[in-house]
Every structure is written in structure tokens, then in C-alpha cells.
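# Observations on the model geometry
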Amino acid sequence: MSVDPVATGDSRTSRLLLAIAAVAVAFAAADTYVVVLALPDMMTGVGVPIDQLQRAAPIVSGFLLGYVAMLPLIGRIADLRGRVPVLVMALVLFALGSLITTLAYDMPSIVSGRFLQGVGGGGLVPATLALVADLYPVERRGIPLGVVSAVQEIGSVVGPLFGAVVLALADWRAIFAINLAVGLVLAAAVRALRPASPSAVEVRPERASKPLPDVVGTLLLLATLAAGAIVFLRPSSLMRDLTWGQLFIPFAGDGRWLTPIGAITVGALVLLLAWCWFAPRPLLDLRGWVRVLLEADLVGALLLALALGGVILAFATADPKIEVFSPRGRWYLLGALVAAAAFTWHVRRAANPLVPRGALRRTPAWGALLVSFFVGAALIAALIDIPLFARTTVYPDDQLPAALVLVRFLLALPVGAVLGGYLIRSLSPGVVTAIGMLMAAVGFVLMTRWGLTTIEEPVANVALIVGGLGFGLALAPVNAALLAFTDDDVHGVASAFVVVSRMVGMLIGISALTTIGLRRYYSEQLAIPPVQEVCDGKSKCKAFSDLLRVAGIAQEHAVFWGAAGCAVIAGVLALVVFREVRPTRLAARDLFSGHA
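Note that the coordinates shown come from a computational prediction; the quantities given were computed from them, not determined experimentally.

A few words on the overall build of the protein. Summing up its helical and strand segments, the protein has 22 helices and zero strands in all. Across the 596 residues that make up the protein, the buried fraction comes to 51%. At a minimum sequence separation of 6, the contacts of the protein that also span at least 24 residues come to 78%.

Another point: the nonpolar core. In terms of nonpolar packing, the biggest core is built from 135 residues, with I386, F409, F444, F471 and F578 touching the most fellow members. A total of 16 residues in this core trace back to one element, the largest contributor, which is helix 15 (residues 363-393). Among all residues touching F409, those that are not within four sequence positions of it are L379, A382, I386, L464, G467, G468 and F471. A38, L39, A104 and W172 belong to the second largest nonpolar core, which has 17 residues in total.

We now examine the packing of helix 5 (residues 83-103) against helix 8 (residues 173-192). Where helix 5 meets helix 8, the closest approach of the two axes is 8 Å, and the angle between their N-to-C directions is 160 degrees. Relative to helix 8, the element helix 5 lies roughly antiparallel. Seen along the crossing, helix 5 lies across helix 8 with a hand that is left-handed. The residues of helix 8 that touch helix 5, namely those facing V84, L87, V88, L91, V92, F94, A95, S98, L99, T101, T102 and L103, are R173, F176, A177, N179, L180, G183, L184, L186, A187, V190 and R191. The class makeup of the residues in the contact of helix 5 with helix 8 is 16 nonpolar, five polar and two charged.

The next thing to look at is the side chain of T265. In this fold, T265 is placed in helix 11 (residues 260-278). Since its relative accessible area comes to 6%, T265 is described here as buried. One polar contact links the side chain of T265 to the main-chain carbonyl oxygen of A227, over a distance of 3.3 Å. From its side chain, T265 meets the backbone nitrogen of G228 in a polar contact 3.5 Å long. The residues contacting T265, other than those within four sequence positions of it, are T224, A227, G228, V231 and W257.

Together, V215, L219, L221, L222, L225, L283 and L284 make up a nonpolar patch on the protein surface, roughly 590 Å² of accessible area in all. Within the fold, L219 resides in helix 9 (residues 215-233).

Before going further, it helps to spend a moment on the side chain of R83. Within the element layout of this structure, R83 appears in helix 5. Residue R83 is classed as buried on the basis of its relative accessible area, which comes to 2%. Within the local environment of R83, its side chain forms a polar contact with the backbone oxygen of A78, the two atoms lying 2.9 Å apart. Within the structure, the side chain of R83 is placed 3.3 Å from the backbone oxygen of D488, a separation counted as a polar contact.

If you check helix 8, its first and last C-alpha atoms are 29 Å apart, about what 20 residues at 1.5 Å a residue would give, namely 28 Å. Listing the buried residues of helix 8 in full gives I175, F176, N179, G183, L186, A187 and V190. Each buried residue of helix 8 sits inside an arc of 105 degrees when the element is viewed along its axis, so together they form one side. The outward face of helix 8, more than 90 degrees from its buried face, is lined by the exposed residues V185 and A192.

The rules we used
- Residues numbered from 1 in each chain as written.
- Predicted model: local features only at pLDDT ≥ 70, side-chain atom pairs only at ≥ 80, totals over all residues.
- Heavy atoms only, no water.
- Helix = DSSP H or I, 4+ residues; strand = E, 2+ residues; numbered from the N terminus.
- Buried < 20%, exposed > 50% of the residue type's maximum accessible area, 1.4 Å probe, protein only.
- Contact = heavy atoms within 4.5 Å.
- Core = buried A, V, L, I, M, F, W, Y, C linked by side-chain atoms within 4.5 Å.
- Axes fitted to C-alpha atoms, helices over the stretch in contact; angles between N-to-C directions.
- Parallel < 35°, antiparallel > 145°, perpendicular 65-115°, else oblique.
- Left-handed = near helix turned anticlockwise from the far one by under 90°.
- Nonpolar A, V, L, I, M, F, W, Y, C, P; charged D, E, K, R; others polar.
- Polar contact = N/O pair within 3.5 Å; in protein donor to acceptor, adjacent residues only side chain to side chain.
- Patch = residues over 30% accessible without salt bridge, like charges linked within 9 Å, V, L, I, M, F, W, Y side chains within 5 Å.
- Areas by Shrake-Rupley, 256 points an atom, 1.4 Å probe, with all protein chains shown as cover.
- Salt bridge = Lys/Arg side-chain N within 4 Å of Asp/Glu carboxyl O.
- Expected span 1.5 Å × (residues − 1).
- Arc of directions from axis to C-beta.

So this is what it looks like as C-alpha cells:
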């Protein structure tokens, strides 16, 4: 049962806890976009030439894999272990990933760091959404859900700006060093604010007696971190020393981990894990977390992760100039299909499956996943193609002004998210979602009328603001409908699936819409006369460049039309699948009358 913070003695603490969790969500969301400007420097920092941009794809896809593939498992753990422990652990994983990324020296190390950042950052979302349901009754969830949705989207604005500010003062490693510090501070703050009394927020509260500090575990952790830092950094003063330099001589080959200092690091880590497994009060309750992983259905989670990972890689490696997914992507999709079939078989036979039987049986519950998919498919077109349109037309040689055009859209989105949370108090979530997606579709239709100079004109702001507000309006109602029609003990895993649905919708949507747009571009290009004919025998002229820009505009118009279609589908689906969902005030009144 939900806990109303107003009715409890620790209401201020509960609100502060939710506020800190929301800040953590915003910070992790910003990390999704922070690599936009830092990627070239990150490539050179790990030895990848700047002219081999395709080799940097794992830096982005590694984070995305961690963010999406492990979300259902983390959401289920949040249902079993409690929201606060999962928030703390997610922030610790995010901080650990930031540390590894900061010290990374090659592609495997930086991808590993980004993967852990994705796991931690993604895990914050379902735990925070479930926390809202725990702390607020149905009639008062709308605005908190809107705020959480808003701060998640603010990250797309803050991320590139944060990266730009740090890069102006330091190198790219400073970005992730700041992430490390902020992650640890937020983890400490969440842990300090954990509720004193048992509730859904903390399913397994700690013992009343304050545990003694684990001195041995702390020393082993510090030894592991110190030795690992030396392996990553390889200080030149130590390497040049006749005595200490022997620590860096490999036993065989040239790998850093095949050196004495690498062996020391691995040995310290093994001792740390052994101590955490056997000690009565360890620094990390390793056995407890393993039990929770098994209870949360680790096997099912891994099968689902393989299925989601296959989908992500299939579309992330696509070449939209040729097809929706690459030839290698077909194998990824085949693997995803096999893993999905195995997951379905496992869920039907497992005693305690990752997705409890009947958890999403109600129409608004599984309908929220479907609506979220099409919302993501439409939203990604705005995030990617609005800056592309600006680059195609008025800012061909400057990325920053083109990106700033999108900021107008992104600033309207969180405003719409909070407004959507407020409106579901008196309007059905289905109606609010449909209104929002209709506004988004109108925004896209207005974008199809943009010409060569429209971006510089005030009229462009109408489409950007209407579209941003529309997408914002749809976020909180979808989450509210899901939480209202799922049981309290599955809110974490259900919230995770909503996020996964939207992310998968983004991946498939951008691949399909870009393919449609490029086909329109090539069709327009075929109608352009030869360059010599347009330029009177010259190989280049402004008239021919303008014709190519017009073809590029046609490409983006095709994408915007497709995105408008996805938005309309999302709105219609919301009206159908959320028809049972009443405004939160009426739902709460019915619930009260039923109890009376």
C-alpha cells in the first residue's frame, strides 16, 4: 500500500528523499548526452584515430546496452529489496563506471566504464518511479510523476551544456571525475535519508543496532582501488624507477593485467570478494545481493538482456542509406528472437519469474508499454532531425547553433511533463496523452512546412514549443496509468518495462524513419540536373548547392511526416487502452467509497 508522506511523521524526509532521487535521475540522464561534444576527445584519449569515427560506436552503444538491457532486473530487485537500497547501489555502480571511464586507457576499458554507467543510471529510473507510488497515494501522484519525467528530459539539455563547460576548462576525463564525486555524494545522501520505519520504500530495513564499520573490508577496497588506479594510470615516475618499474613488466605478452601490479590488483579484488562473502558484517553484503539476484530471476533477466541487446545492436549498427538494419543486424535480430523465445518459455516454467505472472495482465498496464513504444519512435525524430534540419539549411558548418535550435523544444518538454501530471487529476490519462500526442503531431506537421530560412524566423518556435509541450504532456499519464493498474509489489519491474519500451521505440523508430527520409532524398536527387548543366560547365556553384539543400529538406520533411504518424498512433492507442483509467481524483474517491 502506498504511503502518503503528508500522513506520516517523516513527510519532509520523504520529500527530500524523492527530490534527491530526482536529481540523481537528471544527472544520470545528462550523462547520456554528455558524450555529444566529448566523443572526439574520448576517442583520441583511448588511442582511436579521429578519422575512424565508426570505431567509437561502442562508447555510445555500451552505455545504451547497460541502460536498457539490465533495467528489468534492477526494477525487479527494487520490488524485492526496496527502493532505497537499489537507488544507493545504482548510484554506486554509476560512480564506479565513472571512475573506470575517467581512468580508461583503451576501448575495452572505456566501454566497460560506460556500460556500468548505463546500468547504474538506468536503474535509477524505475526505482524512482516506484518510489513515487510508494510515497504518494493515487490522487497525488500526478505532479511528482510529472516532475520525475521532467528532470529526466532536462538531462538532454543539461548534458551537452555540462560537457561544453567542462571541456572549456579541462579535458574529457574531468567530466567523469565530476560524475564520480556527484554519484558518491548522492548515494551517501540517499542512504542517510532512508526511512526509519519499514515500508514499501525499504522492504528489508537494516537492524536497529548500528553495525560496526568493516575495517578489513574497507582496507581491501582501498587496496584494490589504489592498485587498480596504478594499472590504469601507469605513473611515469614509478615506471622509470629501477625497483618499482619491475611492477609493470609483463609475465607474458604486453597486457597491463599480466604484470605484477595487475596480479596484485586482481588478488586484492579476490580477497575483497571473499571477505564480503564470508564476513559476518561485511562492507558489502555480497551473499545477500546474490540471494536477491537469484530471487529476482537472474536467468530470466539474462535471457531478456540478450533479447534486448540483440535488438539494440541490430538497429544501432544499421546503415540507413541501404536498409533498416545491416546484414550483421539480421544475425543480431535472430539471436534476439531466440533469446526472446527462451525467455518466454522460462517465464512460464519458473517458480518466481522476472515478470510475475499476471503483473501486466490489465489492459492499461500492457497498453502503457505499447503507447510508450510509439512515443519513443516519434520523440527520437525530434531529438535527431531538428538539429539535422538546422545543419541542412542555415547552419551547415556550425554544430552548436544547430543544437541550440533543439533547446527550444527541450525546454518546453519538462514544462509539459509537469502540466501533464497536474491535468490527470481532473482528466483521464488517456485523454491527456492523446491531447499531448496530437500536439506533437501538429508540431511535426508544422515542421514539414519549414523551408531554407524558416529556422531563423520566429514562426519556427511555434512548432518547437507545441511539439515539446505535447511530448511532455504524454509522459506522466503513461506512468500514472501503469502504476494505477499494477500491484505495489511489481511497480519497479513494470516501470522498467515502460522505459525499455520507449528506448526500443527510439531505436527502431530512428532507423525506420531515417531510411524513409533517405529514400525521399535519393528520389529528389535523381530529379536534379547534372552539376555542369546547372553551373554552366563548372563543378560547383551556389545554385547546385541550393538544389541539394532542397533535397535534404525533403528528406527531413519525410521524417517529420513519419514521426507525426507515430504520434497519432500513440494518441489513438492511449484513448483505447487507457479508457478504463479515470482521473486520479475520481479514482481516489471511488477507492475511498469502496473502503467505506
